[in-house]
Amino acid sequence: MNTVDGTDKQLLQALSAEPRSTFVALADRLGVSRNTVQARMNRLEHSRVFLPFERCINPAALGYPLTAFIEVNLQQRQIGAIIAQLARIPQVLEAHGMSGQADLLVRVVCSDAEDLFHIDATILAIDGVERTATSLSMSELIPYRVLPLIEGDGGATL
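Just so it is clear, the model here is predicted, and its values are computed rather than measured.

Cut-offs applied
Residues numbered from 1 in each chain as written. Predicted model: local features only at pLDDT ≥ 70, side-chain atom pairs only at ≥ 80, totals over all residues. Heavy atoms only, no water. Pairing = 2+ DSSP bridges. Helix = DSSP H or I, 4+ residues; strand = E, 2+ residues; numbered from the N terminus. Axes fitted to C-alpha atoms, helices over the stretch in contact; angles between N-to-C directions. Contact = heavy atoms within 4.5 Å. Salt bridge = Lys/Arg side-chain N within 4 Å of Asp/Glu carboxyl O. Parallel < 35°, antiparallel > 145°, perpendicular 65-115°, else oblique. Nonpolar A, V, L, I, M, F, W, Y, C, P; charged D, E, K, R; others polar.

S.K.: What should I look at first to understand the sheet that holds strand β3 (residues 104-110) in this one?
M.R.: Paired through their backbone hydrogen bonds, the strands of a sheet run either parallel or antiparallel. On the basis of which strands lie adjacent, the open sheet formed by four strands has the order β2-β3-β1-β4 and antiparallel pairing. Each edge of the sheet is formed by a strand with only one pairing partner; in this case those strands are β2 (92-97) and β4 (129-136). If you compare each strand with its neighbour and ignore which way they point, the axes differ by 20 degrees on average. Pairing geometry for strand β1 (residues 66-74) and β3, over seven bridges, is antiparallel. Pairing of Ala68 across the sheet is with Val108, part of β3. Packing against the sheet, helix α4 (residues 79-87) makes contact with β1, β2, β3 and β4, and its axis sits at approximately 15 degrees to β3.

Okay, here's the thing in structure tokens:
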């Protein structure tokens, strides 16, 4: 992935503030040409700076108001097959390989507690999964964000 320069950061800040901005509007805001914005957007897209746009869809609108995190302990030699099976479960939004006690952290959405029970049972039934520990999210306190990274200098502040 390429590094972003100052103009890229300004472009990303403008997009973060107004995600539906046109290239012309972004060019006006940044004081550059439309072609400059278009070329930079293409480069940023090809450099995989942007995440998939489906990340912006609220699962609650689709009937999945609850979010849970499932820690999965598994047999390491079967991780590829386990990941493939997890990817077939529609309610699995993402899975991360972890260091520490759990091997995977899986973020799921569900319609209610019974649905979560069935999702957990489905994961436990995957060959190679040894056990799970499930935590229901009570509230998203800090939503996904990157604007502070764009605006900051990279150092942690308190």
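Structure shown, so let's carry the discussion forward.
S.K.: Honestly, the pattern of salt bridges in this entry has me stumped. Any pointers?
M.R.: Pairs can form between side chains of opposite charge once their charged atoms are near each other. A full pass over the atoms with the stated rule returns four salt bridges. Linked by salt bridges that have partners in common, Asp5, Asp8, Arg40 and Arg43 make up one network.

S.K.: Whenever I open this one, the packing of helix α2 (residues 23-30) against helix α3 (residues 34-46) confuses me. Can you help?
M.R.: The relative placement of two packed helices comes down to the angle between their axes together with the axis-to-axis distance. Taken N-terminus to C-terminus, the directions of α2 and α3 make an angle of 110 degrees; their axes are 8 Å apart at the nearest point. Overall, the two elements α2 and α3 adopt an arrangement that is roughly perpendicular. Where α2 approaches α3, its residues Phe23, Val24, Leu26 and Ala27 are matched on the opposing element by Arg34, Val37, Gln38 and Met41. Residues belonging to the contact of α2 with α3 are distributed by class as follows: six nonpolar, one polar and one charged.

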